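This is what each chain is made of:
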Amino acid sequence: MGPYTITYFGVRGRCGAMRIMMADQGQEWKEILMDFADWTKGDLKASCVFGQLPKFEDGGLVLYQSNAILRHLGRNHDAYGKDGKEAARIDMMCDGVEDLRLKYGKMIYQEYDTGKDQYIKDLPNHLDKFEAVMAKNKTGFLVGDKPSFADYSLFEVLLNHLVLCSSCLDTSPSLKSFVEKMSARPKIKAFLGSDAYKKLPINGNGKQ
């Protein structure tokens, strides 16, 4: 397994979670940064299954769709639960994180100037579901007793939200503890402090 190759734009975007996960799992990967001007020429876009990036390569396996890539990494690195029941719950939580990610993306790219304040006001109603699951599990993770690919996805989304609103987890003690716990993992801490991470904007339009 590995080294992997990611082809994506020079932003954290849809690759944020998988980069954090690979770093925590001690994996090496190569980055091919795509310029937006080159992307609009259409050559690479035409070769992508859904006309979208990221493109992820694991040897001869080529994958698209960020959550499919996270699942692949989960299978490769024992981050997909201990059995089928845990795996099903991890899938469920990953889909829940995707719902939150889509809401965030819509606000960032379509409604930032007009909808940011309302989004932040409504945020506790979106986070409380994850808070309840995390509090019930009592291990500091969404499912089981170690991080799954869904945890990495949630962690990255929460980091983005803390940039949007630094107090957004103040009423979610389990989520706040989760972010602190994940941030303190040595390999994640090193990655989050690296130039490779810090130099990339969160989103493609510069808003955060």
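What counts, and where the lines are drawn
Residues numbered from 1 in each chain as written. Predicted model: local features only at pLDDT ≥ 70, side-chain atom pairs only at ≥ 80, totals over all residues. Heavy atoms only, no water. Domains from an automatic or database assignment. Contact = heavy atoms within 4.5 Å. Buried area = accessible area lost by both parts, 1.4 Å probe. Salt bridge = Lys/Arg side-chain N within 4 Å of Asp/Glu carboxyl O. Polar contact = N/O pair within 3.5 Å; in protein donor to acceptor, adjacent residues only side chain to side chain. Helix = DSSP H or I, 4+ residues; strand = E, 2+ residues; numbered from the N terminus. Nonpolar A, V, L, I, M, F, W, Y, C, P; charged D, E, K, R; others polar. 1 Å grid on protein atoms, 1.4 Å probe; cavity = no way out; pocket = protein on both sides within 12 Å on 5 of 7 lines; lining within 4 Å. Points joined across faces, edges and corners; volume = space filled by probe spheres on them. Phe/Tyr/Trp six-rings, centres within 6.5 Å; stacked < 30°, edge-to-face > 60°. Buried < 20%, exposed > 50% of the residue type's maximum accessible area, 1.4 Å probe, protein only. Lys NZ or Arg CZ within 6 Å of the ring centre and 35° of its normal.

The next thing to look at is the domain arrangement of the protein. For the protein, the domain assignment lists domain 1 (4-79 + 192-199) and domain 2 (84-185). A C-alpha centroid distance of 21 Å is found between domain 1 and domain 2. With 16 residues of domain 1 at the interface, the matching set in domain 2 holds 17 residues. Both faces combined, the contact of domain 1 with domain 2 buries some 1400 Å², and carbon together with sulfur accounts for 54% of it. Of all residues in domain 1, Arg14, Asp24 and Arg71 give up the largest surface area on contact with domain 2, accounting jointly for 33% of the area buried on that side. For the pair domain 1 and domain 2, the interface holds five salt bridges. Note that Asp91 and Arg71 form a salt bridge whose closest N and O atoms lie 2.9 Å from each other. Our count for the contact surface shared by domain 1 and domain 2 stands at nine residue pairs in polar contact (both at pLDDT 80 or more). Looking at the side of domain 1 that touches domain 2, the elements with two or more residues in it are α1 (16-24) and α4 (66-76). Per-element tally for the side of domain 1 that touches domain 2: the top contributor is α1, with five residues. Taken together, the residues of the side of domain 1 that touches domain 2 sort by class into seven nonpolar, five polar and four charged.

The next point concerns empty space enclosed by the protein. One pass over the structure, following the stated rule, counts one cavity of 30 Å³ or more. Here the largest cavity is characterised by a volume of approximately 40 Å³. Breaking the lining of the largest cavity down by element, the ones donating at least two residues are α1, α4 and α5 (84-110). Per-element tally for the lining of the largest cavity: the top contributor is α4, with three residues.

Enumeration according to the criterion identifies eight aromatic pairs in this entry. With centroids separated by 5.1 Å and ring planes inclined at 35 degrees, the aromatic side chains of Tyr4 and Phe56 adopt a geometry described as tilted. On the criterion of sequence distance, the pair formed by Tyr4 in strand β1 (residues 4-9) and Phe56 in strand β3 (residues 55-58) is long-range, its members being 52 residues apart. Judged by its relative accessible area of 0%, Tyr4 is buried. Summarising the aromatic geometry, the rings of Phe9 and Phe36 are spaced 4.5 Å apart at their centres and angled 10 degrees between planes, so their arrangement reads as stacked. Residue Phe9 is located in strand β1, and its partner Phe36 is located in helix α2 (residues 36-41); the two are separated by 27 residues in the primary sequence. For Phe9, a relative accessible area of 11% corresponds to the buried category. Among the aromatic residues, those joined into a cluster by ring pairs are Tyr8, Phe9, Phe36 and Trp39. The ring of Tyr197 has Arg12 sitting right over it, with the charged end atom 4.0 Å from the ring centre.

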